[in-house]
Amino acid sequence: LDVLPCKDNHCGYMTHTICTCMSSHVLHQSLICSLFNHNLVTQFGNTCYCNSVLQALYFCRPFREKVLAYKIQPRRKESLLTCLADLFNSIATQKKKVGVIPPKKFISRLRKENELFDNYMQQDAHEFLNYLLNTIADLLQEEKSQERQQNGKVVQNGGSGGGGGSGSSTGEGETEEKTQQTWVHEIFQGTLTNETRCLNCEAVSSKDEDFLDLSVDVEQNTSITHCLRGFSNTETLCSECKYYCEQCRSKQEAQKRMRVKKLPMILALHLKRFKYMDQLHRYTKLSYRVVFPLELRLFNTSGDATNPDRLYDLVAVGRDFNHGAFNNYSHYITIVKSHGFWLLFDDDIVEKIDAQAIEEFFGLTSDISKNSESGYILFYQSRD
Ligand SMILES: [Zn+2]
């Protein structure tokens, strides 16, 4: 590999080799980041996680491919998804080496759809991710149900009778639609199982719940493994928190634990770095050092998990930079893996970094008032 400094000024630290083999989207991605920052600084106040979340999502290949595939489908009325598809498409199809793609449409659509993002709070990166994924899933479900209704009409008009039957099938269809899987679910959805064991009769009851991302608590000088262990720790329900056991027909002490039953294709891990401090009466950002691996295998899976051995590779890290002197100052940066390279997007600079340099984004080992850079959303993509 030739490692030549890129002739293009806008390319910053990028080497020529990466430029050509990475295609231009990397550059455009960085320019978009810069624009996001600019727009959001003026429109949303001084904080926004949109840019880093969108960049990370762009580098989650299955997600990007679905969004781009949506773009070539027949046009529908404007939605957050059509705006996102346009945005991704202009990045992916850009032929010029350097250019500016204003994400204005996406941002104004976002503001139109949700007032929350008009007055954006610092701790809402995770909320934005959640909002975006859920909105896209809802749109896709709605489109599917509209398609089905239209098809149903065609069948009814052309069909011969069978009126009674169609009534009941519509009812079934509606419940089916609510639980219908979309590609957002196929990519991000996993299932947790919440097991409760009665300590009196030993009966175990379990309840499943789906998730699109996992939020874990952070502690100083720990690792993702530690966070996940904490997440799945056995909790004893006693005194006022006793559990009503159906078998014993009374309140009993019980043990509860949460484990992963279905592992998602892309695991989005959110580190809860914002914590409400009772003494301070406000949220504080925790810069704790939390080590995250490049390869991850979950261990907190349930006995009946369908794919417990899934091996994940880290593909993107949304990271925030916290200026020690100004607690409210934040700057959001994304690190992604693309074509085997680790790249750091920081406004209009794209920098190739070594995998070892990722260690710098684990966080701080002490709480001294210092600038810190710490990962807050990690995207792990399954190898299979
Ligand atoms: Zn019991």
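Residues numbered from 1 in each chain as written. Predicted model: local features only at pLDDT ≥ 70, side-chain atom pairs only at ≥ 80, totals over all residues.

Let's talk about the overall build of the protein chain
Condition: Helix and strand assignments follow DSSP, with helices taken as H or I runs no shorter than four residues and strands as E runs no shorter than two, numbered in order from the N terminus. Any residue whose C-beta has 12 or fewer other C-beta atoms within 10 Å is treated as exposed, any with 20 or more as buried, and any in between as partly exposed, C-beta atoms being built from the backbone. Working definition of a contact: two residues with C-beta atoms, positioned from the backbone, lying within 7 Å.
The helix and strand tally for the protein chain stands at 10 helices and 18 strands. The 384 residues of the protein chain split such that 31% are buried. When contacts within the protein chain are restricted to residue pairs at least 6 apart in sequence, those whose partners lie at least 24 apart make up 67%.

Considerations on the nonpolar core
This is how it is decided: The term nonpolar core refers to a group of buried residues, namely Ala, Val, Leu, Ile, Met, Phe, Trp, Tyr and Cys, whose C-beta atoms join them within 7 Å.
One finds Val-53, Ala-56, Ile-266, Ile-377, Phe-379 and Tyr-380 to be the most contacted residues of the largest nonpolar core, which totals 64 residues. What Tyr-380 contacts, discounting residues up to four positions off in sequence, is Ile-266, Leu-267, Leu-269, Leu-296, Tyr-312, Asp-313, Leu-314 and Val-315.

Some thoughts on the confidence of the model for the protein chain
Stated formally: In predicted models, pLDDT denotes the confidence assigned by the predictor to each residue on a 0 to 100 scale.
Per-residue pLDDT for the protein chain has a mean of 75; in total, 68% of the residues score no lower than 70. The spread of mean pLDDT over the elements of the protein chain runs between helix α1 (residues 16–22), the lowest at 31, and helix α9 (residues 183–188), the highest at 96. Here residues 324–328 is modelled with pLDDT under 50, and outside its nearest four sequence neighbours on either side it reaches 5 contacts, counting other chains as well.

Things to note about the sheet that holds strand β2 (residues 204–211)
We apply this condition: Here, a strand pair is defined by DSSP locating no fewer than two bridges between the strands. Only the stretch in contact is used when a helix axis is fitted, and all axes are lines through C-alpha atoms; the angle between N-to-C directions ranges over 0 to 180 degrees.
In spatial order, the strands read β2-β1-β8-β5; together these 4 strands make up an open sheet with antiparallel pairing. Edge positions in the sheet fall to β2 and β5 (235–237), since each has one partner strand and no second. Ignoring which end each strand starts from, the neighbouring axes of this sheet average 30° apart. In terms of strand pairing, strand β1 (residues 190–198) meets β2 through 8 bridges, oriented antiparallel. Each residue of the ladder has a partner; that of Gly-190, found in β2, is Phe-211.

Here's the deal with the environment of Ile-72
Along the chain, Ile-72 turns up in the loop between α4 (61–71) and α5 (80–92). Under the C-beta neighbour-count criterion, Ile-72 is labelled exposed, with 9 such atoms within 10 Å. Separated by 13 residues in sequence, Ile-72 and Ala-85 place their C-alpha atoms 9.0 Å apart.

A few points about unusual backbone geometry
If you check the backbone angles, Glu-202 has positive phi at about 70° while not being a glycine. Mapped onto the elements, Glu-202 comes out in the loop between β1 and β2. One non-glycine residue, Ser-239, adopts positive backbone phi at about 40°. Note that Ser-239 resides in the loop between β5 and β6 (243–245). By C-beta crowding, Ser-239 is classed as exposed, having 7 other C-beta atoms within 10 Å.

Things to note about α4
Stated precisely, the cut-off is as follows: Note: the arc covers the axis-to-C-beta directions of the helix.
When we look at burial in α4, the residues that qualify are Phe-63, Lys-66, Val-67 and Tyr-70. The arc that holds every buried residue of α4, seen down its axis, measures 100°, which confines them to one face. Summarising the contacts, the buried residues of α4 are in contact with α3 (50–58), α5, α9 and β9 (266–272).

Topic: the packing of α4 against α5
What counts, and what does not: Orientation is classified from the angle alone, with under 35 degrees giving roughly parallel, over 145 giving roughly antiparallel, 65 to 115 giving roughly perpendicular, and any other angle giving oblique. Classification convention: Asp, Glu, Lys, Arg as charged; Ala, Val, Leu, Ile, Met, Phe, Trp, Tyr, Cys, Pro as nonpolar; all other residues, Gly among them, as polar.
Where α4 contacts α5, the two axes come as close as 8 Å, and the packing angle between them is 105°. With respect to each other, α4 and α5 are oriented roughly perpendicular. Counting all contacts with α4, which are made through Arg-64, Val-67, Leu-68, Tyr-70 and Lys-71, the residues of α5 involved are Leu-81, Leu-84, Ala-85, Asp-86, Phe-88, Asn-89 and Ala-92. Residue classes in the contact of α4 with α5 are distributed as 8 nonpolar, 1 polar and 3 charged.

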